[in-house]
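Chains, contacts and geometry: an overview
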Amino acid sequence: MLTELKREAYEANIALPKQGLINLTFGNASAIDRAQGIFAIKPSGVDYAVLKPEDMVLVDLDGKRVEGDLNPSSDTPTHRRLFLAFESIGGVVHTHSSCATAFAQAGRAIPIFGTTHADYFAGDVPVTRKMTADEIASAYEWETGNVIVERFRDLDPADYPAVLVNRHAPFTWGPTVAKAVEAAVATECIAHMALMSLQLAPQLEVIETELLNKHFKRKHGPDAYYGQKKA
Ligand SMILES: O=C(CO)[C@@H](O)[C@H](O)COP(=O)(O)O
């Protein structure tokens, strides 16, 4: 069932270690078939080196396992929450890539210091609030999705394909899971650049709106908004 979707999710998952975004078995990727309301996600705890397309687990948007003998990723509820909230996305990626995770652990957004960042994101890469003790103790992975959706109340996920979950790590997304992988690469790249820029110039200011606007719209089209939900 949904062989092509599993293949797409598999290719995205094995791309993560190849891009240097993965340590051990941290991280996972998923791809959704919107017509059937089913997504394919990495099985929990499986080493990327031995992963196969047929290992991908199929889960529906009610959270029910539709196909697969292995347990779906422990982050499955977060992926599901994002697929339900952001109807335009086709794939989700979660990594613990070092520089982006450093910002997440520090509870800091990744500031937009340059055009590399502005080509990809319509502003700072946002960070969520800390989760409450109750949220952590209850449905942790579902609540992780909730704090992401809360942070995007006034942001368009198409303009900001990434978020840093406070004290956890980045989640990224895109119209396809391949684009979500690209967003994960871009997020780690600009986080690394931002860290180095802050070492060189601790008082560095974010770039001016005109330059942000120029670069973001150049890449995403003249009607692209930045910093606010599309009307
Ligand atoms: O967020 C985390 C751990 O904090 C996850 O990325 C796990 O590291 C991977 O879990 P599985 O997908 O293997 O269940």
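Under an unreviewed UniProt entry, the protein chain has the name L-ribulose-5-phosphate 4-epimerase and belongs to Mesorhizobium liriopis. As recorded by UniProt, the Cofactor (unreviewed entry) comment attached to the protein chain reads in full: "Zn(2+)".

**Structural notes on the site of the ligand**
The ligand sits among Thr25, Phe26, Gly27, Asn28, Ser44, Gly45, Ser73, Ser74, Asp75, His94, His96 and His168. The backbone of serine 74 places a nitrogen or oxygen atom 2.7 Å from an oxygen atom of the ligand. Interatomic distance of 2.9 Å between a side-chain N/O atom of histidine 94 and an oxygen atom of the ligand. Against a free-state accessible area of 370 Å², the protein chains account for coverage of 82% of the ligand. A majority-of-atoms criterion places the ligand in the second largest pocket. Residue composition of the shell around the ligand, grouped by class: one nonpolar, ten polar and one charged.

**Notes on the UniProt feature "domain: Class II aldolase/adducin N-terminal" (unreviewed entry) in the protein chain**
As recorded in UniProt, the feature "domain: Class II aldolase/adducin N-terminal" (unreviewed entry) lies at residues 7–195. End C-alpha atoms of residues 7–195 are separated by 35 Å, and the span's content is 37% helix alongside 15% strand.

**Comments concerning the layout of surface pockets**
By volume, the second largest pocket is sized at about 160 Å³. The wall of the second largest pocket is formed by 13 residues, among which Thr25, Gly27, Asn28, Ser74 and Asp75 lie closest to the centre.

**Section: the pattern of salt bridges**
All chains considered together, the criterion is met by eight salt bridges. A salt bridge links aspartate 60 to lysine 64; the nearest nitrogen and oxygen atoms lie 3.2 Å apart. The exposed category is assigned to lysine 64, whose relative accessible area is 52%. Within this structure, Arg129, Glu135 and Glu150 form a network of salt bridges that share partners.

**Remarks on the environment of serine 138**
Locating serine 138 in the fold gives a position in the loop between helix 5 (133–137) and helix 6 (140–151). Among the polar contacts listed, one links the side chain of serine 138 to the backbone oxygen of glutamate 135, at a separation of 3.2 Å.

**Some details on helix 7 (residues 177–200)**
Helix length check: helix 7, at 24 residues, gives a terminal C-alpha distance of 35 Å against a target of 34 Å (1.5 Å per residue), a fit within 8%. Where helix 7 is concerned, the buried positions are Val177, Ala180, Val181, Ala183, Ala184, Ala186, Thr187, Glu188, Ile190, Ala191, Ala194 and Leu198.

**Structural notes on unusual backbone geometry**
Its identity as a non-glycine residue notwithstanding, leucine 2 has a phi of 50°, on the positive side. Position of leucine 2 among the secondary structure elements: in the segment before helix 1 (3–18). Look at leucine 24: it is not a glycine, yet its phi comes out positive at around 55°. As for its position among the elements, leucine 24 is in the loop between helix 1 and strand 1 (28–33).

**Examining the sheet that holds strand 7 (residues 170–174)**
The seven strands are arranged 4-3-2-1-5-7-6 in an open sheet whose pairing can be described as antiparallel. Two strands bound the open sheet, and with one partner strand each, they are strand 4 (65–67) and strand 6 (162–164). Here the strands of the sheet are splayed against their neighbours by 25° on average, with no regard to which way each runs. Pairing of strand 1 with strand 5 (residues 91–94) involves four bridges; the strand directions are antiparallel. Pairing of serine 30 across the sheet is with valine 92, part of strand 5. Of the strands in this sheet, strand 1, strand 2 (38–41), strand 3 (57–60), strand 4 and strand 5 are in contact with helix 1, which crosses strand 1 at around 155°.

Calculation notes
Residues numbered from 1 in each chain as written. Predicted model: local features only at pLDDT ≥ 70, side-chain atom pairs only at ≥ 80, totals over all residues. Heavy atoms only, no water. UniProt positions renumbered as here; feature names shortened; annotations may be inferred. Near = heavy atom within 4 Å. Polar contact = N/O pair within 3.5 Å; in protein donor to acceptor, adjacent residues only side chain to side chain. Areas by Shrake-Rupley, 256 points an atom, 1.4 Å probe, with all protein chains shown as cover. 1 Å grid on protein atoms, 1.4 Å probe; cavity = no way out; pocket = protein on both sides within 12 Å on 5 of 7 lines; lining within 4 Å. Sits in = over half its atoms within 2 Å of the grid points. Nonpolar A, V, L, I, M, F, W, Y, C, P; charged D, E, K, R; others polar. Helix = DSSP H or I, 4+ residues; strand = E, 2+ residues; numbered from the N terminus. Points joined across faces, edges and corners; volume = space filled by probe spheres on them. Salt bridge = Lys/Arg side-chain N within 4 Å of Asp/Glu carboxyl O. Buried < 20%, exposed > 50% of the residue type's maximum accessible area, 1.4 Å probe, protein only. Expected span 1.5 Å × (residues − 1). Pairing = 2+ DSSP bridges. Axes fitted to C-alpha atoms, helices over the stretch in contact; angles between N-to-C directions. Contact = heavy atoms within 4.5 Å.

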